[in-house]
Amino acid sequence: MTIPVAEQAHAGGGVREALVATFRRVMRLYFRDIEWVGARPGSGVRGRVFVANHTNALIDPILIITGAGCAISPIAKSTLWDVPGLRWLLDRAGAVPIVRRVDAPDKAAAANADAFGQIAAHLGGGGNILIFPEGTSHSEPQLAPLRTGAARMLVAAAARGGEPPTFQAVGLEFDDRTDFRSRCLVLWGPVRRLADVAADAAAGAPGGASEAGAAGDADEARVQAITAQMAADLRDLLIEGETHDERRRIMRVAELLASNAGEHSLGAWSDAGRQVELANRTLRSVDAAVVARVAERVDAYYAELERLGLLDDQVTGAGPAPRAPEPAWQRAVLAPLAAAGFALYAIPYFLPRWFARSSDPDAVSTIKLGAALVVYPVWAAGLVTGALLLLPPPLSFAAAAVALASPFAALRWLDVWYQRTREPTPDELARLAELRRAACEAIDDARRRLPS
């Protein structure tokens, strides 16, 4: 597949731009909140490779492509082109298929040579690329070892000349990656100039018996140095743990620290979490008993919170300021619309969940979103058509309007339902406050023991 810059620019002014705008709105519907941290690339970015962690299948590239100000062509596994209906979207998005060894164990070494050459030309001509160097979507609590393909694309692009290539890490975090109307965080890392990263590696490359051998050693040294820098940048953006339990505990400590500081955004939680992760690694080698004490007390507090169905913000009473109540007339208008939405769209609401029930755990959100993009429009079109055919005007027009507007009203009410909490009793609050205080004292003690 060829993806010359002229073709990408043409697509950006038409179908591609419309697709990006549409999916940007879809992401705003699927997620209750999307936070952006760091310098998002603007429209003038050229010749850049974006590398990201990969935990949420096709949701990941959609978030990055719709969040960037520049056009980006994603690298995708070739098997996606076999999915009915997906080939058209991938081609319109300028995606490039790569044959993975896991999908074709007997593939020749040069199977992707043509695609790599096209990508290098694309980068050299000022195009941008998105790649997930872990190689596959996964749910492990830490970054998987990175493949070297992204670095080789950059080195090949630099050898061709043209736009000086750069790369940038993008971290993706989700508070619950499989849930509709959950929250997500997109973190943009520092922009790296290939020339800066490659220069140190080239200086340290060993000499060889021949000029060709020395050049090959230098190229390999550059590839390894670039890949190592990509991994370091991604780890600086993400919260990791050796196990799922450890990562969950790090996130909980981060929530306590951020809440104590009066911060309640995902960005603040992520920043605190990365500091906690570093402290956790340091303390494990200094005093494992301190880490165990923190774990015991934090786990006890959160176990009681879960048992009672309460949140940390309810214990501290210092959560984010509640949103101003809607005017009475808006509530009066939304209530019957929301009721109609729940009644009319109950089946298409549950169908995507049913489709995703037995799917790959790493692709649950993707299956839900894909099914919803088919089921909802078809269902809405059926409701509108039925209203126009079966009811006399102007009642038919009113019914059609309700069919189109009611799901958005229902969505507002659904958010309130998902975020509902019960009021704790004074005894429960006292017990939780005692457990929280013990957890925070253990955390503070651990922080004092960190090497200065």
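Residues numbered from 1 in each chain as written. Predicted model: local features only at pLDDT ≥ 70, side-chain atom pairs only at ≥ 80, totals over all residues. Heavy atoms only, no water.

With respect to a positive patch on the surface
Okay, so step 1: A surface patch of like charges, here positive, comprises Arg-24, Arg-25, Arg-28 and Arg-40.
Okay, so step 2: Topologically, Arg-28 is positioned in helix 2 (residues 15-30). (Patch = residues over 30% accessible without salt bridge, like charges linked within 9 Å, V, L, I, M, F, W, Y side chains within 5 Å. Areas by Shrake-Rupley, 256 points an atom, 1.4 Å probe, with all protein chains shown as cover. Salt bridge = Lys/Arg side-chain N within 4 Å of Asp/Glu carboxyl O. Lys, Arg positive; Asp, Glu negative; His and termini not counted. Charge placed at Lys NZ, Arg CZ, Asp CG, Glu CD. Helix = DSSP H or I, 4+ residues; strand = E, 2+ residues; numbered from the N terminus.)

As for the packing of helix 5 (residues 113-124) against helix 6 (residues 149-160)
Okay, so step 1: At a minimum axis separation of 8 Å, helix 5 and helix 6 run at an interaxial angle of 60°. If you check the angle between helix 5 and helix 6, you find them oblique. For the pair helix 5 and helix 6, the crossing hand works out as right-handed. Between helix 5, through Phe-116, Gly-117, Ile-119, Ala-120, Ala-121, Leu-123 and Gly-124, and helix 6, the contact on the second element is made entirely by Gly-149, Arg-152, Met-153, Ala-156, Ala-157 and Arg-160.
Okay, so step 2: In terms of residue class, the contact of helix 5 with helix 6 is built from 8 nonpolar, 3 polar and 2 charged. (Axes fitted to C-alpha atoms, helices over the stretch in contact; angles between N-to-C directions. Parallel < 35°, antiparallel > 145°, perpendicular 65-115°, else oblique. Left-handed = near helix turned anticlockwise from the far one by under 90°. Contact = heavy atoms within 4.5 Å. Nonpolar A, V, L, I, M, F, W, Y, C, P; charged D, E, K, R; others polar.)

Structural notes on the environment of Ile-443
Okay, so step 1: Mapped onto the elements, Ile-443 comes out in helix 17 (residues 426-448).
Okay, so step 2: Sequence spacing of Ile-443 and Val-290 is 153 residues, and the spatial spacing of their C-alpha atoms is 8.9 Å.

Details of the sheet that holds strand 2 (residues 48-52)
Okay, so step 1: In space, the 7 strands of this open sheet follow the order 1-7-6-2-5-3-4, with mixed pairing throughout. With one partner strand each, in any of the chains shown, strand 1 (33-37) and strand 4 (96-98) form the two edges of the open sheet. Strand-to-strand twist in this sheet, taken as the mean axis angle between neighbours without regard to direction, amounts to 25°.
Okay, so step 2: On top of the sheet, helix 5 reaches strand 2, strand 3 (73-77), strand 4 and strand 5 (129-131); it is set at about 145° to strand 4, its chief contact.
Okay, so step 3: Where helix 10 (residues 266-286) meets the sheet, its contacts fall on strand 1, strand 6 (166-174) and strand 7 (183-193), and the angle it forms with strand 7 comes to roughly 60°. (Pairing = 2+ DSSP bridges.)

Comments concerning the pairing of strand 3
A regular strand carries its side chains on alternate faces of the sheet.
Okay, so step 1: Burial analysis of strand 3 places 4 of its 5 residues in the buried class, which makes it a mostly covered element.
Okay, so step 2: As paired strands, strand 3 and strand 5 are joined by 2 bridges and run parallel to one another. Pairing of Pro-74 across the sheet is with Leu-130, part of strand 5.
Okay, so step 3: Bridge count for strand 3 against strand 4 is 3 bridges, and the pairing is parallel. Bridging from a neighbouring strand, Lys-77 pairs with Ile-98 of strand 4. (Buried < 20%, exposed > 50% of the residue type's maximum accessible area, 1.4 Å probe, protein only.)

Side note on helix 11 (residues 288-308)
Okay, so step 1: The first and last C-alpha atoms of helix 11 sit 31 Å apart over 21 residues, in line with the 30 Å expected at 1.5 Å per residue.
Okay, so step 2: Those residues of helix 11 that sit buried are Val-290, Val-291, Val-294, Ala-295, Val-298, Tyr-301, Tyr-302, Glu-304, Leu-305 and Leu-308.
Okay, so step 3: The inward-facing, buried residues of helix 11 contact helix 9 (244-260), helix 10, helix 12 (312-316) and helix 17.
Okay, so step 4: Just beyond helix 11, the residue with positive phi is Gly-309, at close to 70°. (Expected span 1.5 Å × (residues − 1).)

Notes on a nonpolar patch on the surface
Okay, so step 1: A contiguous nonpolar patch, built from Leu-389, Leu-390, Leu-391 and Leu-395 and spanning about 440 Å² of accessible area, is present on the exposed surface.
Okay, so step 2: By secondary structure assignment, the location of Leu-395 is in helix 16 (residues 395-418).

A few points about the pairing of strand 2
Okay, so step 1: Within strand 2, 5 of the 5 residues are buried, which leaves the element mostly enclosed by the surrounding structure.
Okay, so step 2: Residues Arg-48, Phe-50 and Ala-52 point to one face of strand 2 and Val-49 and Val-51 to the other, with burial holding for every one of them.
Okay, so step 3: With 5 bridges joining them, strand 2 and strand 6 adopt parallel strand pairing. Its bridge partner being in strand 6, Arg-48 is matched across the sheet by Thr-166.
Okay, so step 4: Relative to strand 5, strand 2 is paired through 3 bridges, and the arrangement is parallel. Looking at the pairing, Val-51 lines up with Ile-131 of strand 5.

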